[in-house]
Amino acid sequence: MRERRTTQEHRRNREFEAFVAGAGGRLLHTATLLTAEAPDDNPRARRLLTLALAHTYACWDRLRGEDPYDHAREHLAARFAHGAWHRYGTLPFGRARPRPAVGALARLTPRQRLVLVLRLYEGVAEEQVGALLGLPEDRVRAVCERATTTLLHPPRDPAPAVRRAEAAAS
């Protein structure tokens, strides 16, 4: 009995290691896009990925026929949304980030980044994104369009303030 369990654990470990070897890079890139960190300095993205992979490993035997990549991506997105909710009070929300982010996606709110990455980078359908975030499809579409517009047409910097010369008292 003990020998059989050991064999099953080895098989499970080999399968999971093969999954991580194949999907780990793409999942890390997804997490890096979500956190808007630099690819070479991404501690929040690595933490998100570690938590998602740990959860996937814990559920590995229960996946039975499900795609482990989809499961890991869903958990990654849910952890990001949960973290954004705790960090900013509620999700969307556009408040200042605790540390400066880099790249084009840093201009987007956490919700916009999440929807944009899931829809355009990962190719997840609007219905699935809506179900994951608890949003109707038309709201997902609107958030994605707004995020795309923000990226394609960034807001202009405000014009510098003009100081008026003070009138001298005569």
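For clarity, every value in this text was computed on a predicted model and none was experimentally measured. (Residues numbered from 1 in each chain as written. Predicted model: local features only at pLDDT ≥ 70, side-chain atom pairs only at ≥ 80, totals over all residues. Heavy atoms only, no water.)

*Asks:* Explain the packing of aromatic side chains to me, using residue names and the numbers behind them.
*Replies:* Taken as a whole, this structure holds four aromatic pairs when the rule is applied. Ring geometry for Phe-16 and Phe-19: centres 6.0 Å apart, planes at 45 degrees, overall tilted. Of the two residues, Phe-16 and Phe-19 are both situated in helix α1 (residues 2–35); the distance of three residues between them amounts to about one turn of the helix. As far as the burial class goes, Phe-16 and Phe-19 line up, both buried. These aromatic residues form a ring-pair network of at least three members: Phe-16, Phe-19, Tyr-57 and Trp-60. Here the basic side chain of Arg-12 rests over the ring of Tyr-57, its NZ or CZ set 4.3 Å away from the ring centre. (Phe/Tyr/Trp six-rings, centres within 6.5 Å; stacked < 30°, edge-to-face > 60°. Helix = DSSP H or I, 4+ residues; strand = E, 2+ residues; numbered from the N terminus. Buried < 20%, exposed > 50% of the residue type's maximum accessible area, 1.4 Å probe, protein only. Lys NZ or Arg CZ within 6 Å of the ring centre and 35° of its normal.)

*Asks:* Which residues make up the confidence of the model for the protein, and what values go with them?
*Replies:* Mean pLDDT for the protein: 85, with 81% of residues reaching 70 or above. Across residues 88–93 the pLDDT falls below 50, and counting only partners more than four positions away or on other chains, this stretch makes 20 contacts in the model. (pLDDT = per-residue confidence, 0-100. Contact = heavy atoms within 4.5 Å.)

*Asks:* Residues and numbers for the packing of helix α4 (residues 110–121) against helix α6 (residues 137–152), please.
*Replies:* One can describe the packing of α4 onto α6 by two numbers: an axis separation of 9 Å at closest approach and a directional angle of 100 degrees. Classed by the angle they form, the pair α4 and α6 counts as roughly perpendicular. Here Arg-111, Gln-112, Val-115, Leu-116, Arg-119 and Leu-120 of α4 come into contact with α6, specifically with Arg-139, Val-140, Val-143, Cys-144, Arg-146, Ala-147, Thr-148 and Leu-151. Residue composition of the contact of α4 with α6, by class: eight nonpolar, two polar and four charged. (Axes fitted to C-alpha atoms, helices over the stretch in contact; angles between N-to-C directions. Parallel < 35°, antiparallel > 145°, perpendicular 65-115°, else oblique. Nonpolar A, V, L, I, M, F, W, Y, C, P; charged D, E, K, R; others polar.)

*Asks:* Tell me about the packing of α1 against α4, and please be specific about residues and values.
*Replies:* Packed helices, taken two at a time, are described by the angle their axes make and the gap between the axes. As a packed pair, α1 and α4 sit with axes 8 Å apart at the nearest point and diverge in direction by 145 degrees. Regarding α1 and α4, the two cross each other, and that crossing is right-handed. Taking contact as the criterion, the partners of Arg-26, His-29, Thr-30, Leu-33, Leu-34 and Thr-35 in α1 are, on α4, Arg-113, Leu-114, Val-117 and Tyr-121. Residue composition of the contact of α1 with α4, grouped by class: five nonpolar, three polar and two charged. (Left-handed = near helix turned anticlockwise from the far one by under 90°.)

*Asks:* Outline the pattern of salt bridges, supporting the account with residue identities and numerical values.
*Replies:* All told, the structure shown has seven salt bridges when counted by the stated rule. Note that Asp-70 is salt-bridged to Arg-73, the shortest N-O span being 2.8 Å. With Asp-70 and Arg-73 both in helix α3 (residues 68–88) and three residues apart, this pair spans about one turn of that helix. For Arg-73, a relative accessible area of 12% puts it in the buried group. Of the charged contacts in the structure, one is a salt bridge between Arg-141 and Glu-126, with a shortest N-O distance of 3.0 Å. You can see Arg-141 sitting in helix α6 and its partner Glu-126 sitting in helix α5 (residues 126–133), a full 15 residues away along the chain. Arg-141 sits in the partly exposed class, given a relative accessible area of 35%. (Salt bridge = Lys/Arg side-chain N within 4 Å of Asp/Glu carboxyl O.)

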